[in-house]
Amino acid sequence: MFRTALRNVLAHKARLLMTVLAVMLGVAFVSGTLVFTNTISDAYQKSSAKGFDQVDVAVTPDYQDARGDRVGKQQELTDALLDRSARVPGAASAIGVVRGFTAVADKDGRLIGDGFSTQGGNYWGDKDPRYPLVDGRAPRGEGEILIDAETAERTGYGVGDTVRLSVDGPVLTPKITGVFTTDDGNVAAGGSLALFDTVTAQRLFGKTGTYDEIDVRAKAGVTQAALKAELDRALPKGVVETTTGEQLADDQAEAIASSMSGMKQGLLVFAGIALFVGTFIIANTFTMLVAQRTKELALLRAVGASRRQVTRSVLIEAFVVGAVAAVAGLFAGVGIGAGLRSLMGAFDATVPDGPLVVTPGTVAAALAVGVLVTMLAAWLPGRRAAKIPPVAAMSSLHARATTKSLVLRNTIGALFSGAGVAVVLAATTMGGSDGQAPMGLGAVLLIIGVFVLTPLLSRPLIAAAAPVLRAFGVSGKLARQNSVRNPRRTAATASALMIGLTLITGMTVMAGSLQKSIDKMASSAIEADYVVSMANHNPLSPDVAEKLRRVDGVTATSPLRNAPSRIDGSTEYLTGVDGSTIGRLTDLPLEDGGFRVGGTDVVVDDTTAKEHGWKAGSAFTVSYEDGAKQKLTVAGVYQGNEMIRGILLDTATLAPHQQDPVDMQVMVKTDGGTSDAVKDRLTEALGTNPAIKVQDKKDISQEIAQMFTLMLNMLYGLLAMAVIVAVLGVVNTLAMSVFERSQEIGMLRAIGLDRRGIKRMVRLESLVISLFGGVLGIGLGVFFGWAAGELMGSTLATYELVLPWGRMAVFLALAAVVGVLAALWPARRAARLNMLTAIKTE
């Protein structure tokens, strides 16, 4: 039986080619994902580990938890703690570390890096062992900095050049006094690192007299564990935490692996979708192969082969096909991983240098996925093959689906579909995250149900196309009849395309609806002409609001300033605003009271008011972060949204209780509204700072649209693999169907249907099957998009369903194109059959 199985694989290698390609693509997706993420993770881990070479033990501030009326806050690392750390037994030296965001502009005024990887720090003394100088000297005073060698090479900066940078808004123009090398992973990944002298760094980052970390080096012969133990004894408990350099490297490696796991899981999900779609092709291929070899299988049964042996022979064929596809997919995946690694460099998303990583786990996963998916998909056709009675097969009576089996299938499909719709509808009535799991379960049940019901649905839906097909004469009529001749085969072929289009349509509906709702929220909640913020959403200096207030034509400004507090034993964040102008800069619908902010009067969003049982006129006591208490009065309750919510109070009331006040945004209103000239004036007033965004409502909407467009394009690209696999399925089904109907095609040619008519028949059949799958996919996608929107609408008040009719028409046209392209080779093959040879085919 083993030799028989191998002979069958070699005999039908052309017919199995599409199956091999489908499995290979899925395996390549899986192995490419693993190679790519392992390579990136390994490069970052090795790079970050080098950064801890100068640290034996790190001393960091502990966090003081909120308790009673006390606001939780970070402890401080002072010069006294630095001195004590340096004097403990076994310590060779101690360095105070200061870090913060520092946006550096290149010579064209553009921000270096993506904002999050442009960092600043301090250079310790005249010779900092962490940052070896390759040129120049250490910085001294506010007007001097160092830059890393990578940034210097990328930008062309050198010692003596003046550079423009910003820490929290205002533009600084220090002179470069030196260039240093570093193993910092952010720098290796395309970011920048600027170093000030320690006092300047502390002042700029709002940490005067304190440090973010103290790095302690051990004397020769002293282990990191021994030094940590000495520091634990010498430093106050509850104020600091100590961690060895080895542990820091391990923690960093774990954090990198964790951050990469999200990307890995996301890519593997799409790889799984492609493989799932591939199972339809595999099952279809082996079902048709079994049907075409009915006599052969019956002869094996007649000469003594058991049912188990027949099933086993089919599974052996599947194993060989899966093994070949898995090996090919593994090599293709390694190429994909290397290509993605290079592609990141092309998009300036550089990563630290490192070798391509192909782990034994990746090889095992690729082989296991390829073989298991193929064998599982081929098991049902193999089981059906074993059930064919020898006598029926010897007389060429193909076992057709009985009425009982079709009724059972339709009943099961209806039950699954009904249960899926019911669960999805029930999930739409739940709030937020509570409905996510039921929604997912309902979606799976409905997709399974529709797949099972697809043979039943194929007849009426394809029959609806009869008037159009009738215009193509005999070819159109034959195409319609061929499409419904074997409903199960049509269903399996169409379902592969249906799944891809369901996901694409559903995500398009959700993304379009979300974008519309956020646009609506921004336009309805904000009356300001401009919103000013940092490019990476870091806090702004209060000086920014002051500078904007003095610009000609500005009539009103207000910062949005966050501050923690304690109210009724729980932490609540206060939002400081300019009470005299906030009413002109926002349009927040009131539910109770009036919009009055000033002194001890505050306004509260509806959710917070409901949680605390407040209404207009309610009074409550707040404990600020400095420990002071004050009684505030609720002047009004407004409808909160994703952009503005919480307790709004005057900055004049809040500021005295903040040690280092910073603003998250500044809203600006001008007398002439929005214009390029006004925007230029605001930008110039802030020093044409590349780290600061000055946006009107249109800019905010465009930024949101770009984000959703980028997300959708990425998803389309990832789902393209599933669509390609579906195309292979249509090609495979048509090609094998042409072989199966060789005698019939020969008879049609003999009675007068020319080659053009044969080609048209096959193409129309492919088009009908593809459009059938497209209609089902788009319909399910719209339903899932609506359902997910209803679930999101419970937390997003401005949500409204948007049906992208244009894109859905494109998706349907794409399904038609798939059908036409998939039929090119099978139609040509059918038209070239020799009619006499075809008629003699058994």
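For clarity, every value in this text was computed on a predicted model and none was experimentally measured. Throughout this document, residue positions are counted from 1 along each chain, in the order its sequence is written. A pLDDT threshold of at least 70 governs which residues receive local features in this predicted model, and a stricter bar of 80 or more applies before side-chain atom pairs are shown or counted, although totals over entire chains, interfaces and linings include all residues. Processing note: side-chain calculations cover all non-hydrogen atoms of the structure and skip hydrogens and water entirely.

1. Some details on the overall build of the protein
Note the threshold: Counting from the N terminus, the helices are the DSSP runs of H or I reaching at least four residues and the strands are the DSSP runs of E reaching at least two. Note on classification: 1.4 Å probe, protein chains only; a residue is buried when its accessible area is under 20% of the maximum for its type, exposed when over 50%, partly exposed between these limits. Note on definitions: a residue-residue contact is assigned when non-hydrogen atoms from the two residues lie within 4.5 Å. For accessible areas, the Shrake-Rupley method is used with a probe of radius 1.4 Å. Any residue's cover is judged against the shown protein chains and nothing else.
Assigned secondary structure in the protein consists of 28 helices and 27 strands. Buried residues in the protein amount to 49% of all 842 residues. Taking the contacts inside the protein whose residues are at least 6 apart along the sequence as the reference set, 81% of them involve residues at least 24 apart. As displayed, the protein offers around 37900 Å² of accessible surface, 59% of which is attributable to carbon and sulfur atoms.

2. A closer look at the packing of helix H14 (residues 436–463) against helix H25 (residues 755–793)
For clarity, the cut-off: Between N-to-C directions, angles cover 0 to 180 degrees, with each direction set by a line fitted to C-alpha atoms, over the stretch in contact for helices. These descriptions rest on fixed angle ranges, namely under 35 degrees for roughly parallel, over 145 for roughly antiparallel, 65 to 115 for roughly perpendicular, and the rest for oblique. Whether a crossing is left-handed or right-handed is set by the direction in which the near helix is turned from the far one by less than a right angle, anticlockwise for left-handed and clockwise for right-handed. All amino acids are sorted into three groups, where Ala, Val, Leu, Ile, Met, Phe, Trp, Tyr, Cys and Pro are nonpolar, Asp, Glu, Lys and Arg are charged, and the leftover types, Gly among them, are polar.
Interhelical geometry of H14 versus H25 gives an angle of 155° and a closest axis separation of 11 Å. Between H14 and H25, the interaxial angle falls into the category roughly antiparallel. For the pair H14 and H25, the crossing hand works out as right-handed. Contacts between H14 and H25 involve Gln436, Met439, Ala443, Leu446, Ile447, Val450, Thr454, Leu457, Ser458, Leu461 and Ile462 on the former and, on the latter, Val768, Phe772, Leu776, Leu780, Phe783, Phe784, Ala787, Ala788 and Leu791. Residue composition of the contact of H14 with H25, grouped by class: 17 nonpolar, three polar and no charged.

3. Regarding the sheet that holds strand E8 (residues 118–123)
Applied cut-off: Only strands that DSSP links by at least two bridges are regarded as paired with each other.
In spatial order, the strands read E6-E8-E14-E10-E13-E9; together these six strands make up an open sheet with mixed pairing. Strands at the two margins of the open sheet, each flanked by one partner only, are strand E6 (99–101) and strand E9 (133–136). Direction aside, the axes of adjacent strands within the sheet are offset by 30° on average. For strand E10 (residues 144–148) and strand E13 (residues 175–180), the ladder comprises five bridges, and the chain directions are parallel. Looking at E13, one finds that Leu146 is bridged to Gly178.

4. Topic: helix H27 (residues 824–831)
To keep it simple, the criterion reads: Note that the arc is defined by the directions from the helix axis to the C-beta atoms.
The set of residues buried in H27 consists of Pro826, Ala827, Ala830 and Ala831. For H27, the angular spread of the buried residues around the axis is 130°, confining them to a single face.

5. With respect to the packing of aromatic side chains
We apply this condition: Pairing of aromatic rings covers Phe, Tyr and Trp, the last through its six-membered ring, and needs centres within 6.5 Å; plane angles under 30 degrees mean stacked, over 60 mean edge-to-face, and all others mean tilted. The criterion is that NZ of a Lys, or CZ of an Arg, lies within 6 Å of the ring centre and within 35 degrees of the ring normal, and then a charge sits over that ring.
All told, the structure shown has six aromatic pairs when counted by the stated rule. Plain terms: the ring middles of Phe783 and Phe784 are 5.8 Å apart, the flat faces sit at 55° to each other, and that makes the pair tilted. Judged by relative accessible area, which is 22%, Phe783 ranks as partly exposed. Judged by relative accessible area, Phe784 falls into the buried class, the value being 12%. Through pairs of rings, three or more aromatic residues link up here, namely Phe783, Phe784 and Trp786. Over the ring of Phe451 we find Arg409; its NZ or CZ atom is 6.0 Å from the centre of that ring.

6. Regarding the pattern of salt bridges
Using the following cut-off: The salt bridge definition used is simple: a Lys or Arg side-chain nitrogen within 4 Å of an Asp or Glu carboxyl oxygen.
Overall, the coordinates contain 13 salt bridges when judged by the stated rule. Measuring nitrogen to oxygen at the nearest pair gives 2.8 Å for the salt bridge that ties Lys207 to Asp212. With a closest N to O distance of 3.2 Å, Arg596 and Asp601 form a salt bridge. When its relative accessible area of 47% is taken as the criterion, Arg596 is described as partly exposed.

7. Notes on the nonpolar core
Our working definition: The definition of a nonpolar core used throughout is a set of buried Ala, Val, Leu, Ile, Met, Phe, Trp, Tyr and Cys residues joined through side-chain atoms within 4.5 Å.
If you look at the biggest cluster of nonpolar residues, it comprises 88 residues, and the most contacted ones within it are Phe270, Val277, Phe286, Leu497, Leu648 and Met667. For this core, the element with the most residues is helix H23 (residues 697–740), which contributes 14 residues. With near-sequence residues (within four places) excluded, Met667 lies in contact with Ala528, Tyr530, Val531, Ala556, Thr557, Ser558, Leu560, Ile582, Leu585 and Thr586. One finds Ala91, Ala194, Ala201 and Ile214 within the second-largest nonpolar core, a separate group that totals 33 residues.

8. Quick notes on helix H24 (residues 742–750)
Within H24 the residues assigned to the buried category are Ser742, Ile745, Gly746, Leu748 and Arg749. When H24 is viewed along its axis, its buried side chains cluster within an angular range of 160° and face the same direction. Immediately beyond the C-terminal end of H24, within one or two residues, lies Gly752, with a positive phi of roughly 120°.

9. Regarding the confidence of the model for the protein
Spelled out, the test is: Confidence of the predictor at the level of single residues is given by pLDDT, which spans 0 to 100.
On average, residues of the protein score 82 in pLDDT, and 88% of them reach the 70 mark or higher. Per-element mean pLDDT across the protein ranges from 59 in helix H12 (residues 390–394) up to 95 in E13.

10. Some remarks on the sheet that holds strand E11 (residues 165–166)
Strand-to-strand pairing in sheets goes through backbone hydrogen bonds, with the strands running parallel or antiparallel. The strand order E7-E11-E12 describes an open sheet built from three strands, whose pairing is antiparallel. Edge strands, defined here as strands with exactly one partner in the open sheet, are strand E7 (103–104) and strand E12 (171–172). Relative to E12, E11 runs antiparallel, the two being bridged by two bridges. Bridge pairing in E12 places Ser166 opposite Val171.

11. With respect to unusual backbone geometry
A positive phi is found at Asp568, a non-glycine position, where the angle reads about 55°. Within the element layout of this structure, Asp568 appears in the loop between strand E19 (554–567) and strand E20 (570–577). For Asp568, a relative accessible area of 58% gives the class exposed.

12. Details of a negative patch on the surface
The cut-off we apply is this: Each patch groups residues whose relative accessible area exceeds 30% and which form no salt bridge, using 9 Å between like charges and 5 Å between nonpolar side chains of Val, Leu, Ile, Met, Phe, Trp and Tyr. Neither His nor the chain termini are counted; the positive set is Lys and Arg, and the negative set is Asp and Glu. Here the site of a charge means NZ on Lys, CZ on Arg, CG on Asp, or CD on Glu.
A cluster of acidic residues, Glu246, Asp250, Asp251 and Glu254, forms a negative patch at the surface. Its place among the elements puts Glu246 in helix H8 (residues 245–292).

13. Focus: the pairing of E19
Burial within E19 is extensive, with eleven of its 14 residues counted as buried. Pairing of E19 with strand E26 (residues 665–670), which is carried by six bridges, proceeds in the antiparallel orientation. Looking at the pairing, Ala556 lines up with Lys669 of E26. Pairing analysis gives seven bridges linking E19 to E20, with the strands arranged antiparallel. Residue pairing for E20: Pro564 is matched across the bridge by Tyr573. Between the end of E19 and the start of E20, which pair antiparallel, lie two residues, with Asp568 showing a positive phi angle near 55°.

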